[in-house]
Amino acid sequence: MPPDASATPEFLHSTCPHDCPSTCALEVERLAAGRVGKVRGAKDNPYTAGVICAKVARYAERVHHPERLTTPLRRKGEKGAGGSNTGDAFEAISWEAALDAVAEAFLKAEQRLGAETVWPYFYAGTMGHVQRDGIERLRHVKRYARQWSTICTALPEAGWLAGVGLKAGVDAREIEHSDLVVVWGGNPVSTQVNVMTHIAKARKARGAKLAVVDPYRTGTAAQADLHLMVKPGTDGALAAAVIHLLLRQGAADRDYLAKYTDWNGEIEAHFADTTPAWAEAITGVPAAEIEAFARLYGATKRSYIRVGYGFARARNGAANLHAVSCLPAVTGAWQVEGGGALWGNGAIYRLDKTLIEGLDRLDPSVRAFDQSRFGPVLTGDPKDLQGGPPVTAILVQNTNPAAVCPETKRCLAGLARADLFACVHEQFMTETAALADIVLPATTFLEHDDYYTASGHTFLQAAKAVIAPLPECRSNHEVICALAKRLGARHPGFEMTAWELVEATFAASGHPPAETVWQDRWLDCAAPFEQAHFLDGFPQPGGRFRFHADWAKAGRDHAGMPALPGHWTRWDQADAARPFRLVAAPARSYLNTTFTETPGSQKREGRPEIMIHPQTCAKLGVEAGGRVRVGNDLGSLVIHARPFDGVQPGVVVVESIWPNGAFEEGLGINALVSAEAGQPRGGAVFHDTAVWIEAL
Ligand code: SF4
């Protein structure tokens with residue numbers, strides 16, 4: 001829906017579309033029909049509360065960036081494998097010619113090898129459901145290869161569902177009623193700033209304590225009363241030791257355990273051996289610190305765990321997250337206001353997405369590829385191809401797998417294949433776009449209509465375009481519909497505008513009209529207190545939280561998974577050849593690779609650096625700013641060292657995701673991250689990497 005062409009500056013409401021649990025309610029200054037000024041958080045939204053991150057506050061520099069793509073491009077030069085061959089590789093063409101070329105290539109590929117040779121590929125560059133998920137409609141109608149979306153939520157979701165049984169939890173607004181907030185395996189200062197607003201309220205009003213569990217001293221950990229600096233991948237051991245101590249201290253709520261959980265003698269006996277000394281040997285956290293944390297947690301009924309995603313991004317990540325989710329079930333913290341836990345709220349919105357995703361045309365027998373294994377799929381790993389043809393045509397929207405996916409070398413090699421036709425629809429010339437055959441310029445969220453849900457809060461938001469699209473830029477929805485027409489794909493969703501899809505989806509889901517939600521700015525979908533706290537039972541057998549995880553229910557690949565919380569040693573353990581464990585954490589000013597193009601973010605981040613404990617630096621003979629080579633079996637890269645004492649000596653951290661091109665040899669941090677799937681149903685293991693380091 002085109003915005004009003006008013007020339008009077010005014011603030012219009014919108015929603016942040018980026019891959020962040022906060023999904024902030026925004027107010028965007030429109031300076032003219034095609035120009036934005038300031039962006040600020042909506043003060044009257046109870047979750048956003050007027051606070052947004054700096055990267056989005058300076059969004060004008062991204063929307064009006066001189067390097068925004070503004071015309072369709074066709075490759076004229078050779079594809080390179082370096083990911084930076086933008087130079088004279090492309091020529092400008094018309095939209096008609098570009099869409100015709102894509103359709104022709106897809107039809108040819110289908111004729112030659114069948115529909116499953118075409119792989120539409122997407123993720124969360126925008127979290128708006130219409131613009132993000134419409135590619136699924138094209139896929140299902142055309143019977144193109146499916147995408148098993150694993151890169152972000154598969155591992156933590158499996159862990160959360162194993163215990164709680166539903167992707168929902170206690171409203172984050174209750175944090176202000178908490179006496180202890182535990183941020184476990186996340187860094188909201190960098191990645192979800194609004195959590196800190198609510199924690200600050202609790203600290204000010206109630207003197208609440210903040211405890212952080214994280215392998216390094218993040219911005220959040222630096223503000224904490226207690227920081228448990230675990231080795232990456234050992235959170236399950238820490239949680240099991242805390243349960244041991246809660247039992248020993250008499251802090252377990254026996255009535256709650258009996259009424260609301262599957263607790264029994266076998267489970268109780270399991271925790272007899274998970275002592276603080278046992279956990280210290282695994283986690284590297286001194287037993288005294290574990291005991292101090294358990295005392296605090298056990299003594300505080302109003303304790304709220306904000307469960308992060310980060311610590312689940314490991315081979316043993318689902319098991320670790322399940323272990324952490326057990327803590328409020330031991331103390332019965334779920335029963336009180338400000339108590340319990342939240343990982344994500346995806347289940348509360350109850351949306352019927354049949355029209356958007358073409359679910360009425362989904363055929364589960366069509367092969368599905370694991371999204372996190374982009375490199376192995378494109379380079380023809382037989383296990384991934386499942387006996388079918390190679391992928392010879394892709395359409396990429398909303399993601400930049402050349403830098404984001406594990407095993408970068410294989411991703412780049414796959415994208416560089418001469419026999420692969422790639423169309424990338426993007427806002428900037430990313431490293432994925434630079435290896436495409438056709439590049440299409442995309443709108444930003446300020447230039448199109450959509451609706452948004454959030455995992456970090458409870459508001460459903462509808463947003464209309466704030467400014468007219470930049471010349472020649474088209475939305476994902478428009479491109480999908482235009483391609484559908486050329487490809488002979490028929491579905492009512494291809495005949496509707498983006499706003500009509502929002503309206504129809506809200507109507508089909510039993511929500512108020514989209515226009516009403518837009519005018520009201522948001523619709524609070526929070527569950528009543530009893531439901532959000534699972535006081536009427538957990539959606540599990542017998543209504544009971546499960547300490548005893550049924551991993552077979554969670555996914556096919558469950559062999560060997562431990563039923564009870566503890567330390568599962570399916571991980572990339574450090575050894576003599578690779579003595580360090582690497583955490584590839586998110587940088588504060590980037591969001592995946594989004595914002596790596598904006599000057600404000602680039603200035604703040606400086607350059608890629610590896611944080612190494614000063615003792616390790618001394619042993620390696622590395623000085624501040626010195627170059628080191630970091631590697632493992634997958635390859636190696638060169639990076640500058642930053643001595644940092646907020647990490648255990650055997651752990652190193654690289655905040656990212658920097659483009660590959662920001663590194664000396666053109667390979668970024670995900671070159672070292674394995675594409676091996678986490679159990680029980682896939683998931684990228686970004687923080688489960690053993691490496692060696694040598695000074696240069
Ligand atoms: S905190 Fe997250 S949702 Fe809010 S503006 Fe920043 S990126 Fe967007």
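All values derive from a computational prediction rather than experimental measurement.

Attention now moves to unusual backbone geometry. Here the bond from serine 656 into isoleucine 657 is cis, since omega is 20°, no more than 30 degrees from zero. As for its position among the elements, isoleucine 657 is in the loop between β24 (651-654) and β25 (689-695). That bond from glutamine 679 to proline 680 is cis: its omega, 10°, falls within 30 degrees of zero. In this fold, proline 680 is placed in the loop between β24 and β25. Residue arginine 143 is not a glycine yet carries a positive backbone phi of 60°.

This brings us to the nonpolar core. Inside soluble globular proteins, nonpolar side chains tend to come together where they are buried. In this structure, Val181, Leu238, Val242 and Ala422 are the most contacted members of the largest nonpolar core, which totals 229 residues. Looking at which element gives the most residues to this core, the answer is helix α9 (residues 235-249), with nine residues. When near neighbours in sequence (up to four residues on either side) are disregarded, alanine 422 contacts Ile394, Val396, Leu415, Leu435, Ala436 and Asp437.

Along the chain, glycine 488 turns up in the loop between α21 (476-487) and α22 (498-508). Residues glycine 488 and leucine 107, spaced 381 residues apart in sequence, show a C-alpha to C-alpha distance of 9.7 Å.

Turning next to the environment of aspartate 88. Positionally, aspartate 88 belongs in the loop between β4 (73-75) and β5 (90-92). For aspartate 88, a count of 8 C-beta atoms within 10 Å translates into the label exposed. Sequence separation between aspartate 88 and cysteine 411 is 323 residues; the distance between their C-alpha atoms is 22 Å.

Across a sheet, strands are paired by hydrogen bonds formed along the backbone, either parallel or antiparallel in direction. Pairing within the open sheet is antiparallel, and its three strands lie in the order β17-β18-β19. The sheet is open, and its two borders are formed by β17 (450-452) and β19 (523-524), each paired with just one other strand. Summarising the sheet, β17 and strand β18 (residues 459-463) pair through three bridges and their orientation is antiparallel. For tyrosine 451, the partnering residue across the bridge sits in β18 and is alanine 462.

Let us now look at the site of the ligand. Near the ligand the following residues occur: Cys16, His18, Cys20, Ser22, Thr23, Cys24, Ile52, Cys53, Val56, Val193 and Leu591. When grouped by side-chain class, the residues that make up the shell around the ligand number eight nonpolar, three polar and no charged.

Scoring rules and cut-offs
- Residues numbered from 1 in each chain as written.
- Predicted model: local features only at pLDDT ≥ 70, side-chain atom pairs only at ≥ 80, totals over all residues.
- Helix = DSSP H or I, 4+ residues; strand = E, 2+ residues; numbered from the N terminus.
- Core = buried A, V, L, I, M, F, W, Y, C linked by C-beta atoms within 7 Å.
- Buried ≥ 20, exposed ≤ 12 C-beta atoms within 10 Å, placed from the backbone.
- Contact = placed C-beta atoms within 7 Å.
- Pairing = 2+ DSSP bridges.
- Near = placed C-beta within 6 Å.
- Nonpolar A, V, L, I, M, F, W, Y, C, P; charged D, E, K, R; others polar.

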